[in-house]
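Residues per chain are reported as follows:
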Amino acid sequence: MTENTIVARLIRNLPGRPDVVMGAGDDCAVVRTARTARYDTLLKSDPVIEGVHFEKAAPPRAVGHKALGRVLSDIAAMGGEPLWVVVDLVLRDARDARWATEAYAGLARLARRAGVAIVGGDTSRGPARELHVFAVGRVPRGTAVLRSGARAGDALYVTGRLGGSLAGRHLRFEPRLNEGTWLRKHGWVTAMMDLSDGVGTDLPRLLTASRAGARLEQAALPISAAARGVSSRDGRPAWQHALGDGEDFELLFTVRGARAAAFERAWRRRFRLTCNRIGTVTTRRGAVEFEDQYGNVGPLATRGYEHFV
Ligand SMILES: [Mg+2]
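Remember, predicted model here, so these are calculated numbers, not experimental data.

Student: Let's hear about the overall build of the protein: which residues, and what values?
Tutor: Assigned secondary structure in the protein consists of 8 helices and 13 strands. Based on the C-alpha atoms only, the size of the protein along its principal axes is roughly 60 × 55 × 45 Å. When burial is assessed residue by residue, the protein has 45% of its 309 residues classed as buried.

Dropping the structure here:
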């Protein structure tokens, strides 16, 4: 069973309230705390667990950075501004005290840079070390960027370069907060999400929400040096690593086709970070087509990271 099927089952009959703008199914939940509020509130939580999201030997500061970075990446994907976080910490026993102090130093460093306050949390004992971060953010009322706004003809973009994250980037990535805010504020994006499990798994999620399909171009994929490195060792093509490795924590988003050229010029004026058009949204609902380097078109076979396989 895949994560998608499990989650679909879990969220089928959740209790709601009239002040929930967007419940489960996007990068963050969106709620409206007052009818006259100028901002909508974003909610997100995420765990990082030893042996799953980081190895025992990973530097604890980097683990702290990753734990907060993951939720900030989701807030970025809504075009939002992060405000406050609480942190739950699971340790094996008192020997982990020093590890915890270092992990908190990593959390605090990124929090300071992102203008986020760490306002509490809880600790518990458990079989493995874990950090759970719950974040609250905001976005001007009614402007949260959802996954559901893509339409046929939209251009499909990713920030940065993809693949090979396990070689180190998964512990050091920068959540794309400035980019996400800018994309929302200037009205460029029609749909957006962050890449946690790889384009191969995450793009179908965006397309499902938007009831659309897409065609990806192999030649356009921004492949990271790390992905090329892994590819030269394991013999799998680098583009498969770019689509399937996961933990890129880049932004995947769509822009109206007619505005694509203007968008690309504006991006280059504003950011040094690379941003690449990797394909186009189509009417073929649910279908991801892949155009290889020779121009052959077929269904995309590469899937991203699956948590439960
Ligand atoms: Mg996400």
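Next comes the rest of the description.
Student: Give a detailed account of unusual backbone geometry, specifying residues and quantitative values.
Tutor: In the Ramachandran plot, Arg-211 falls in the positive-phi region, its phi being about 50° despite a non-glycine side chain. Mapping Arg-211 onto the fold places it in the loop between helix H5 (199–210) and strand S9 (213–217). Assessed through the 12 C-beta atoms surrounding it within 10 Å, Arg-211 is described here as exposed. Phi at Phe-249 takes a positive value of approximately 50°, unusual for a residue other than glycine. Following the sequence through the fold, Phe-249 ends up in the loop between helix H7 (238–244) and strand S10 (251–255).

Student: Can you break down the packing of helix H2 (residues 60–77) against helix H3 (residues 97–114) residue by residue, with the values?
Tutor: Axis separation between H2 and H3 bottoms out at 6 Å; the angle between their running directions is 45°. One finds that H2 runs oblique with respect to H3. Viewed along their axes, H2 and H3 form a crossing whose handedness is right-handed. Packed against H2, whose contacting residues are Pro-60, Arg-61, Ala-62, Val-63, Gly-64, His-65, Ala-67, Leu-68, Gly-69 and Leu-72, the element H3 presents Trp-99, Glu-102, Ala-103, Tyr-104, Ala-105, Gly-106, Leu-107, Leu-110, Ala-111 and Ala-114 at the interface. Across the contact of H2 with H3, the residue classes break down as 14 nonpolar, 4 polar and 2 charged.

Student: A description of the nonpolar core should follow, citing residues and the corresponding values.
Tutor: One finds Met-192 and Leu-252 to be the most contacted residues of the largest nonpolar core, which totals 75 residues. If one sorts the elements of this core by residue count, H2 sits on top with 8 residues. A domain-level breakdown of this core finds at least three residues from each of domain 1 (3–140) and domain 2 (147–299). Discounting chain neighbours no more than four positions away, the residues touching Met-192 are Ala-77, Gly-79, Val-145, Leu-183, Leu-251 and Phe-253.

Student: If you had to explain the environment of Glu-81 to someone new, which residues and values would you point to?
Tutor: Its place among the elements puts Glu-81 in strand S4 (residues 81–91). The buried category is assigned to Glu-81, around which 20 C-beta atoms lie within 10 Å. Through-space distance from the C-alpha of Glu-81 to that of Thr-101 is 26 Å; in sequence the pair is 20 residues apart. Not counting chain neighbours up to four residues away, the residues in contact with Glu-81 comprise Gly-137, Arg-138, Val-139 and Thr-181.

Student: I'd like to hear about the sheet that holds strand S7 (residues 155–159), residue by residue, with values.
Tutor: Pairing is mixed in the open sheet, where 7 strands are placed in the order S8-S10-S7-S11-S9-S12-S13. Pairing within the sheet leaves two strands with one partner each, and these edge strands are strand S8 (189–194) and strand S13 (297–299). In this sheet, adjacent strand axes meet at a mean angle of 30° when their direction is disregarded. For S8 and S10, the ladder comprises 5 bridges, and the chain directions are antiparallel. Across the sheet, Met-192 pairs through a bridge with Phe-253, a residue of S10. In the packing of H5 onto the sheet, contacts are made with S8, S9, S10 and strand S12 (288–291), and the angle to S8 comes to roughly 140°.

Student: Which residues make up the pairing of S12, and what are the values?
Tutor: The side chains of a regular strand alternate between the sheet's two faces. Side chains of S12 alternate between two faces, with Val-288 and Phe-290 buried and Glu-289 and Glu-291 left unburied. Here 4 bridges tie S9 to S12, and the two strands are oriented parallel to one another. For Glu-217, the partnering residue across the bridge sits in S12 and is Glu-291. Taken together, the 3 bridges between S12 and S13 define a ladder with antiparallel strand orientation. Considered in S13, the bridge of Phe-290 is made with Gly-298. Counted between consecutive antiparallel strands, the loop separating S12 from S13 contains 5 residues, among which Gly-295 sits at a positive phi close to 90°.

About the thresholds
- Residues numbered from 1 in each chain as written.
- Predicted model: local features only at pLDDT ≥ 70, side-chain atom pairs only at ≥ 80, totals over all residues.
- Helix = DSSP H or I, 4+ residues; strand = E, 2+ residues; numbered from the N terminus.
- Buried ≥ 20, exposed ≤ 12 C-beta atoms within 10 Å, placed from the backbone.
- Axes fitted to C-alpha atoms, helices over the stretch in contact; angles between N-to-C directions.
- Parallel < 35°, antiparallel > 145°, perpendicular 65-115°, else oblique.
- Left-handed = near helix turned anticlockwise from the far one by under 90°.
- Contact = placed C-beta atoms within 7 Å.
- Nonpolar A, V, L, I, M, F, W, Y, C, P; charged D, E, K, R; others polar.
- Core = buried A, V, L, I, M, F, W, Y, C linked by C-beta atoms within 7 Å.
- Domains from an automatic or database assignment.
- Pairing = 2+ DSSP bridges.

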